[in-house]
Structure formats: C-alpha cells, structure tokens
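# Overview (structure and organization)
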Amino acid sequence: MGDDQESWSGPDGLRVTAVRLSGAHRVWAEYAGVRGESAFLVTRNGAFVGRGYYLSVADLSDVVDLAELRAR
C-alpha cells in the first residue's frame, strides 16, 4: 500500500479503504486488536463494519462480499 489510499465501494454505503496504520488509525486498529503497518478499514455509512480494521484480504472476506466491491 502506497502513500495514496486505495478505496473501493459496495452496496448500501459500504466502503473499504487501504490505510497506513499511523496516528488515529493506529490507535483505533490496536483497540480492535489489529497490529501492523497497514490494514483495510471497512465502514458502512461512516460506521465500522465488524471490528473496522482487517490485516488481510482473507480477513476482509469474512465480513465483506469481495465480488460486490468496485474501485472508487
């Protein structure tokens, strides 16, 4: 994941964004039990989906139907 954030959207306000875990993102991710340099942030209409942060696509696929995502 580069400095630019990659983002995908899905139905009903779903949004998945690849984020670097620093600052507030690091605090929220660690609170959710996710540690690392980067993660996927998943929200629906601005609210966390599940724990909100996911380290891998495999983790992400447990809460999001990846086939429904479209690049933003």
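Just so you know, these numbers come straight off a predicted model, no measurement behind them. (Residues numbered from 1 in each chain as written. Predicted model: local features only at pLDDT ≥ 70, side-chain atom pairs only at ≥ 80, totals over all residues. Heavy atoms only, no water.)

## Considerations on the pattern of salt bridges
For clarity, the threshold we go by: Criterion for a salt bridge: a side-chain nitrogen of Lys or Arg within 4 Å of a carboxyl oxygen of Asp or Glu. Each helix is a run of DSSP H or I of at least 4 residues and each strand a run of E of at least 2, with the numbering of both proceeding from the N terminus. Accessibility here uses a 1.4 Å probe with only protein chains present; expressed as a share of the type maximum, an area under 20% marks a residue as buried, one over 50% as exposed, and anything in between as partly exposed.
Taken as a whole, this structure holds two salt bridges when the rule is applied. The shortest N-O distance in the salt bridge between R26 and E30 comes to 3.7 Å. Of this pair, R26 and E30 both sit in helix α1 (residues 23–31), four residues apart, roughly one helical turn. Given the relative accessible area of 28%, R26 is considered partly exposed. For E30, a relative accessible area of 34% gives the class partly exposed. Measuring nitrogen to oxygen at the nearest pair gives 3.8 Å for the salt bridge that ties D59 to R51. Classification of D59 as partly exposed rests on a relative accessible area of 29%. Judged by relative accessible area, which is 37%, R51 ranks as partly exposed.

## Quick look at the side chain of T43
Here is the rule we go by: Whether two residues touch is decided by their heavy atoms; if any such pair falls within 4.5 Å, the residues are in contact.
Relative to the elements of secondary structure, T43 occurs in strand β3 (residues 38–44). Among the residues examined, T43 registers a relative accessible area of 14% and is labelled buried. In this structure T43 touches G13, L14, R15, F48 and V49, once residues within four positions along its chain are discounted.

## Focus on the nonpolar core
Put simply, the rule reads: The term nonpolar core refers to a set of buried residues drawn from Ala, Val, Leu, Ile, Met, Phe, Trp, Tyr and Cys, joined through side-chain atoms within 4.5 Å.
The biggest cluster of nonpolar side chains holds 10 residues, and these are L14, V16, A18, F40, V42, V49, Y54, L60, V64 and L69. Those residues in contact with V49 that lie beyond four places of it in its chain are L14, V42, T43, R44 and Y54.

## A closer look at the environment of V49
Counting through the fold element by element, V49 comes out in strand β4 (residues 47–54). Classification of V49 by relative accessible area gives buried; the value is 15%. When the C-alpha positions of V49 and R15 are compared, they lie 9.4 Å apart, and in sequence the two are 34 residues distant.

## Some details on a nonpolar patch on the surface
For clarity, the cut-off: Residues forming no salt bridge and having over 30% relative accessible area are the ones grouped into patches, like charges within 9 Å of each other and nonpolar side chains (Val, Leu, Ile, Met, Phe, Trp, Tyr) within 5 Å. A 1.4 Å probe and the Shrake-Rupley method give the accessible areas. Residues count as covered only by the protein chains that appear here.
A surface patch of nonpolar side chains, amounting to about 410 Å² of accessible area, comprises W28, Y31 and F48. The residue Y31 is located in helix α1 in this model. Here Y31 falls in the exposed class, since its relative accessible area comes to 70%.

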